[in-house]
Amino acid sequence: MKKLLALLLALTLLLALCACGETAPAATPEPTPEPTPEPTPEPTPEPTPEPTPEPTPLYSIGDTVSTDIMSLKLEASEPAIALDNHWGLSGSEDWGKTAYTPKEYNAAEDAKNPYVAAKGHTLIYFCITLSNLDRARLAYASSSSDLARYYKIAYNGESAATLKTGSMISNVDQYIGTSSGGILKIEPGTWCDTTVLGLEPGETSTARLFFDIPTDIENLTEGYTLSFELPNSDGSKSIFSFFVPAK
């Protein structure tokens, strides 16, 4: 009996040792899934900038501008309360030399002067020289009032103005109508009480004009801009602007 118990105990120990000697298989790790790459966003195209328009150049007193058939020079310009109304002695060298140019206002002297700005108004005098560069006569404007379509002024953000014509002088003969219905011939180099509406081939004329603007002269603290529209040979027009700073 004792031998049987000893044998059973020995078998039990042998089985236990065999169980301990077996090596448990290593656990196979689960494969780590590859991360799904985030889709690369399409690059946002840069907006195409709008082309910046070239600024319109501003010219100054003394500059000359031109198209292919006409040129213009701004000889002078300034604001005034009164313009000279004296023509001098007819036939003399001084005839018309100061007519329509700015003068110091004198209440007594200018009592009957038609070229005096009313209160709340200013006269903007300007003198221009025009030349015909074409081979044919250049019909610029149909009448004095028609010139207002081609000559403009801007000041203090405003543009209201009345254009008035003054005098002119040319390098060719001028013919103007008289009150009696006749025709008066004006010799070259002589000032006359009219303005430039057209130019003969090779003609150069200087004209004095002025704007009457509804603002006091003291308010022109930022200066003003004069613009002139000149014709091209293809029928189009070109605009040239001159800035006159405040004094």
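Residues numbered from 1 in each chain as written. Predicted model: local features only at pLDDT ≥ 70, side-chain atom pairs only at ≥ 80, totals over all residues. Heavy atoms only, no water.

### A look at the sheet that holds strand β8 (residues 151-155)
In step 1: Taken in spatial order, the four strands of this open sheet run β1-β15-β14-β8, and their pairing is mixed. Strands at the two margins of the open sheet, each flanked by one partner only, are β1 (58-59) and β8. (Pairing = 2+ DSSP bridges. Helix = DSSP H or I, 4+ residues; strand = E, 2+ residues; numbered from the N terminus.)

### Some thoughts on the sheet that holds strand β9 (residues 162-170)
As a general point, the strands of a sheet are linked pairwise by backbone hydrogen bonds and lie either parallel or antiparallel.
In step 1: Spatially, the five strands line up as an open sheet ordered β2-β3-β6-β13-β9, and their pairing is antiparallel. Looking along the sheet, the strands with just one partner apiece sit at the ends: β2 (64-66) and β9. Shown here is a sheet whose adjacent strand axes are inclined to one another by a mean of 25 degrees, direction ignored.
In step 2: One ladder, built from ten bridges, connects strand β6 (residues 122-132) with strand β13 (residues 204-213); its direction is antiparallel. Considered in β13, the bridge of T129 is made with T206. (Axes fitted to C-alpha atoms, helices over the stretch in contact; angles between N-to-C directions.)

### What about the nonpolar core?
In step 1: If you look at the biggest cluster of nonpolar residues, it comprises 36 residues, and the most contacted ones within it are F126, I128, Y151, F211, L226 and F228.
In step 2: Breaking this core down by element, the ones donating at least two residues are β3 (70-80), β6, β8, β9, β13, β14 (224-231) and β15 (237-244).
In step 3: Sequence-distant contacts of I128, defined by excluding residues within four places in its chain, comprise L72, K73, L74, E75, Y151, S205, T206, A207, L209 and F228.
In step 4: One finds A99, Y100, A117 and I169 within the second-largest nonpolar core, a separate group that totals 13 residues. (Core = buried A, V, L, I, M, F, W, Y, C linked by side-chain atoms within 4.5 Å. Buried < 20%, exposed > 50% of the residue type's maximum accessible area, 1.4 Å probe, protein only. Contact = heavy atoms within 4.5 Å.)

### Points about the pairing of β6
In step 1: Counting buried residues in β6 gives eleven out of eleven residues, a clear majority hidden from the surface.
In step 2: What you see with β6 is no split at all: T122, I124, F126, I128, L130 and N132 on one side and L123, Y125, C127, T129 and S131 on the other are buried throughout.
In step 3: As paired strands, β3 and β6 are joined by ten bridges and run antiparallel to one another. What sits directly across from S71, in β6, is S131.

### Things to note about the pairing of β13
In step 1: For β13, the buried fraction is high: eight of the ten residues fall into the buried class.
In step 2: Sheet topology places β9 next to β13; seven bridges connect them, and they run antiparallel. Counted as the bridge partner of L163 is F211 from β13.

### Regarding the pattern of salt bridges
Any two side chains of opposite charge can pair, so long as their charged atoms come close to each other.
In step 1: Tallied over the full model, the rule gives six salt bridges.
In step 2: The salt bridge involving E78 is made with K247; its shortest N-O contact spans 3.8 Å. Separated by 169 residues along the polypeptide, E78 in strand β3 and K247 in the segment after β15 bring together distant segments of the chain.
In step 3: What makes K247 exposed here is its relative accessible area of 85%.
In step 4: The partner of K103 in a salt bridge is D110, and the shortest N-O contact between them spans 2.9 Å. (Salt bridge = Lys/Arg side-chain N within 4 Å of Asp/Glu carboxyl O.)

### What about the packing of aromatic side chains?
In step 1: Under the counting rule described, the total for this entry stands at 13 aromatic pairs.
In step 2: Between Y59 and F242 the ring centres are 5.7 Å apart and the planes differ by 45 degrees, which places this aromatic pair in the tilted class. On the criterion of sequence distance, the pair formed by Y59 in strand β1 and F242 in strand β15 is long-range, its members being 183 residues apart.
In step 3: With a relative accessible area of 24%, Y59 lands in the partly exposed category.
In step 4: F242 gets classed as buried once you look at its relative accessible area, which sits at 0%.
In step 5: Each member of the aromatic cluster is reached from another via a ring pair, and the members are Y59, F126, Y140, Y150, Y151, F211, F228, F240 and F242. (Phe/Tyr/Trp six-rings, centres within 6.5 Å; stacked < 30°, edge-to-face > 60°.)

### Comments concerning unusual backbone geometry
In step 1: Of note in this structure, Y100 is not a glycine but carries a positive phi near 70 degrees.
In step 2: Its place among the elements puts Y100 in the loop between β4 (82-83) and β5 (102-103).
In step 3: Notably, N156 is not glycine yet its phi reads approximately 50 degrees, a positive angle.
In step 4: Checked against the element boundaries, N156 lands in the loop between β8 and β9.

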